[in-house]
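Chain by chain, the residues run as shown.
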Amino acid sequence: LAQGCQLVSTASVASFGAMPLSLLLLPLLAAAERSDPSVANGELTPPDLPFPPMPSDAIVGPTLADSVNRWPPKRQPLRKDTPNIVVIMNDDVGYGAPDTFGGPIHTPTLSKIASHGVTYNRFHTTAICSPTRASLMTGRNSHHVGAGQITEAASGFPGYTGTIPKSAATMAKVLSEYGYDTAAFGKWHNTPIDNLFKSGPFDQYPTGLGFRYFYGFIAGETSQYEPRLFENTNPIEPPRTPEEGYHLTEDMADQAINFIRSNRALTPDRPFFIYFAPGGTHGPHHVHKEWADKYKGKFDMGWEKLRNITYQKQKAMGWIPTSTELPPIEEFMQKWEEIPENEKAFQLRLMEVYAGYLEHTDTQDGKVIEELERQGLFNNTLVVYILGDNGASAEGFHGTIDELLTENSLPNTAQQQIEVMDRDFGGLDALGSKVVDNMYHSSWAWALDSPFKSTKLVAAHFGGTRTPMVMSWPKVIKHDPTPRSQFHHVIDVAPTVYEAIGIKFPQHVEGVQQMPLDGVSMVYTWNNATAEDRKSAQYFEVMGSRGIYKDGWFASVLGPRIPWAATNETRMKEWNPDTDVWELYDLSKDFSQAKDLASQMPEKVAKMKEIFTMEATQNKVMPIGAGLYTIYYHPEEGPHSPLTEWNLHEGMTRIAESNAPGFHSRQSSLSTIDVDLPELASGVVFCVGGTAAGFSVYFDKGYLYAEYMATLLYRYIAKSSQPVAAGKHKIQVRLIYPKSESLYPPADLTLFVDGANVGWVKVEKSIRLVFDASETFDVGMDLGAPVSLNYADRAPFKFNGKIDLLNVKYINGPSVTDVVV
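Residues numbered from 1 in each chain as written. Predicted model: local features only at pLDDT ≥ 70, side-chain atom pairs only at ≥ 80, totals over all residues. Heavy atoms only, no water.

## Quick notes on the confidence of the model for the protein chain
- Of all residues in the protein chain, 93% attain a pLDDT of 70 or more, and the chain-wide mean is 92.
- A low-confidence stretch, residues 1–43 stays under pLDDT 50, and its non-local contacts, those more than four residues away or across chains, total 52 contacts.
- Note that residues 813–821 has pLDDT below 50 and, in this model, 23 contacts with residues that lie over four places away or in other chains. (pLDDT = per-residue confidence, 0-100. Contact = heavy atoms within 4.5 Å.)

Next up, the structure:
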């Protein structure tokens, strides 16, 4: 009212002329009706988002002479000193990896943030990628928001759909509505794979879930040299080539710096929220040679000794309690002494490459922090640095040049891979380069998870779930080197950010009732290292591996999958969750889960199981094992295109593998291409996949080729007996899978030109699940990492003829059989 009266009293009579009193009172009435939830009126907790429009202060009369133009006042829902928010989360990093906390790998940025803030040594993830990221963004448990499994293995069970509901608005959505500039950089693994069309829908893309800008990749992994990038919702190609020195993580840092500079230059009144999520250090372990060379000779002692050295340093520096015990090496895990001498150089170089990759990733994280310092923003920026979205990954199995071998259950040995590496790629120097998709031995992962049991994908043990976390906000958080040992989880980050900003989570967002946050704020720990723990319970579950924390106790089940062992198929067939053997740990005395008390305290185990069942039911975890349904038991029911026939045209590229024709195991097909060829035609007609695995049909100097690459170890090439003459032709490529019980059944690959059989090859082993995590289906070229070594140095090897039509259809009949694993 006072504002309205002041507007009237200070207006000159000449300004208003003979304006009616009702018009003179409009500003007063508008001010009275306006309820601006701002610091000025003492309200920071609006019940709903988005905010309603601010009422106009303009005075509207019959004519312009009777009217006064005024813009509505700008809403101020945040206090003037609201902090910027930067959340950094790397990928697949073990608890014992960083030298910040006793590990062997240099992490200067993690150390820097720790030296300005506080550290957390009992912070947890979900043990796997997509679920952790969904929990981080929403502040809810992963199954609760439909993210109980990675998006590629989603199913129809409510906790596993891979779709974040509108009732679980993300941090980005809330902060954007409050006026933050929001941006995500790097890995985004929370978009359903059947949404990956250039026409959308886009509501599950980063920009659909609240971010105003996105630059990165929408997949579990991608090549660091030839990534399948997106800007907002648009597929784009990298700005430079590997030969020009390109690396994705460096590009991400540059893009984030540009975002900060743009914000400061053009919208300095807006705080910003940056989610910086490198693909490092998920496989493939891609880093330039000079970074790996920093670690030459530093792991020659082998993984058991490395783990023990790290454990001793962790205790000595007070990062873990001095009473912590080091559990023995896992069952089925290979010991260093069991590695043949002629394979040790291979295993050591894989670890050196990984170490260089982690240091390189952390260094790129640091470039973002350095820009905050240059701009004078670091002091009032809340930085949350989560070392990894889960523990170190054992998916490299016994060391690999192609991680898709494990994903597709293809047989292999380290010696076999060394032979291929030496023959096709020139030896050890290929590791870390664009030509291979290398990952280290699973025992290195176990060593880097010191002092815990297990690795990524195990929710039962802290080697899968626990990661170092540090927070800094120099303006508010006083640096304290004492680790915070309260039990916390990634779902607690969002509530912490909201409390730091001074807002409460809204009851409704865009008209949708919001489910309560599952997390609790960690602000209470900032300036009180010994504050009483505020998290009473927390469940964990990944593909049947599960655990429950309750008031200092932890009960768990390993589950049917052992990520580092070759016994999974037997275990999977025999697994019954009702007969699982539970473990029990008193975490108040046992930091590393070294002493299983289950046999001594059966009543406590029974009580913990009841608590797990209650938590699991409330959070949509049931049925136990649902995360295995499409990835193991019924892959035919997983997300995939409903089409059985496609008509495609030249220039159609970046079609997601999940929405394109499939050439995987048991999917017989006939591809028919109407082409007009020049003399000595060359170039890719169509392809899917990339360096790790793929299928490509191409011409080279007039010869027709079809290449089925079932990883780098198994290449099968059909070639026409003669060059195909110039002119119009009908090319057909037939892939037939005879009936087979094999996990990787054979197939017959035949080439036809104008009806004549011109080439054939036996595909001895096929791809069961996926050719690549991010590579796509392209017509007329091979974008990204090339499928074939035959044209790798000429990629994208654009076709120099004309493709009138590509028809691909599945073939029914005796060649097709449904086999349930």
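Back to the write-up after that little detour.
## Quick notes on empty space enclosed by the protein
- What the rule picks out here adds up to three cavities of 30 Å³ or more.
- Computed from the structure, the largest cavity encloses a volume of approximately 80 Å³.
- Every residue lining the largest cavity is listed: Glu-221, Thr-222, Ser-223, Pro-284, Asp-437, Thr-691, Ala-692, Asp-772, Ser-774, Glu-775 and Ala-785.
- Considered class by class, the residues forming the lining of the largest cavity number three nonpolar, four polar and four charged.
- What the second largest cavity holds in volume is close to 60 Å³.
- Top contributing element to the lining of the second largest cavity by residue count: strand β15 (residues 537–542), with four residues.
- Considering only residue class, the lining of the second largest cavity consists of two nonpolar, seven polar and one charged. (1 Å grid on protein atoms, 1.4 Å probe; cavity = no way out; pocket = protein on both sides within 12 Å on 5 of 7 lines; lining within 4 Å. Points joined across faces, edges and corners; volume = space filled by probe spheres on them. Nonpolar A, V, L, I, M, F, W, Y, C, P; charged D, E, K, R; others polar. Helix = DSSP H or I, 4+ residues; strand = E, 2+ residues; numbered from the N terminus.)

## Section: the layout of surface pockets
- Its volume calculated, the second largest pocket comes out at about 570 Å³.
- Lining the second largest pocket are 23 residues, with Leu-78, Gly-179, Asp-269, Arg-270 and Pro-271 positioned closest to its centre.
- Here the residues of the lining of the second largest pocket are counted per class, giving seven nonpolar, six polar and 10 charged.

## Considering the pairing of strand β10 (residues 381–386)
- With six of six residues buried, β10 is to be regarded as a mostly interior element.
- Burial along β10 is two-sided: Thr-381, Val-383 and Tyr-385 and Leu-382, Val-384 and Ile-386, pointing in opposite directions, are all buried.
- Across six bridges, the pairing between strand β2 (residues 84–89) and β10 is parallel. Residue Ile-88 lies in a different strand from β10, and its bridge partner there is Tyr-385. (Buried < 20%, exposed > 50% of the residue type's maximum accessible area, 1.4 Å probe, protein only. Pairing = 2+ DSSP bridges.)

## Overview of the sheet that holds strand β21 (residues 669–677)
- The strand order across the open sheet built from six strands is β19-β30-β21-β26-β27-β28, with neighbouring strands paired in antiparallel fashion. Of all the strands in the sheet, just β19 (645–648) and β28 (756–763) have a single pairing partner and so form its edges. Looking at each pair of strands side by side, their axes are set apart by 10° on average, direction ignored.
- Summarising the sheet, strand β26 (residues 727–736) and strand β27 (residues 747–753) pair through six bridges and their orientation is antiparallel. (Axes fitted to C-alpha atoms, helices over the stretch in contact; angles between N-to-C directions.)

## Concerning the environment of Ser-766
- Inspection of the secondary structure puts Ser-766 in the loop between β28 and β29 (776–779).
- We classify Ser-766 as buried; its relative accessible area is 0%.
- With 24 residues separating them along the chain, Ser-766 and Ser-742 place their C-alpha atoms 9.7 Å apart.
- Once residues lying within four places of it in the same chain are set aside, the contact partners of Ser-766 are Leu-410, Ser-665, Tyr-708, Ala-710, Tyr-737, Tyr-744 and Pro-745.
- Among the polar contacts made by the side chain of Ser-766, one reaches the main-chain carbonyl oxygen of Pro-745 at a distance of 2.6 Å. (Polar contact = N/O pair within 3.5 Å; in protein donor to acceptor, adjacent residues only side chain to side chain.)

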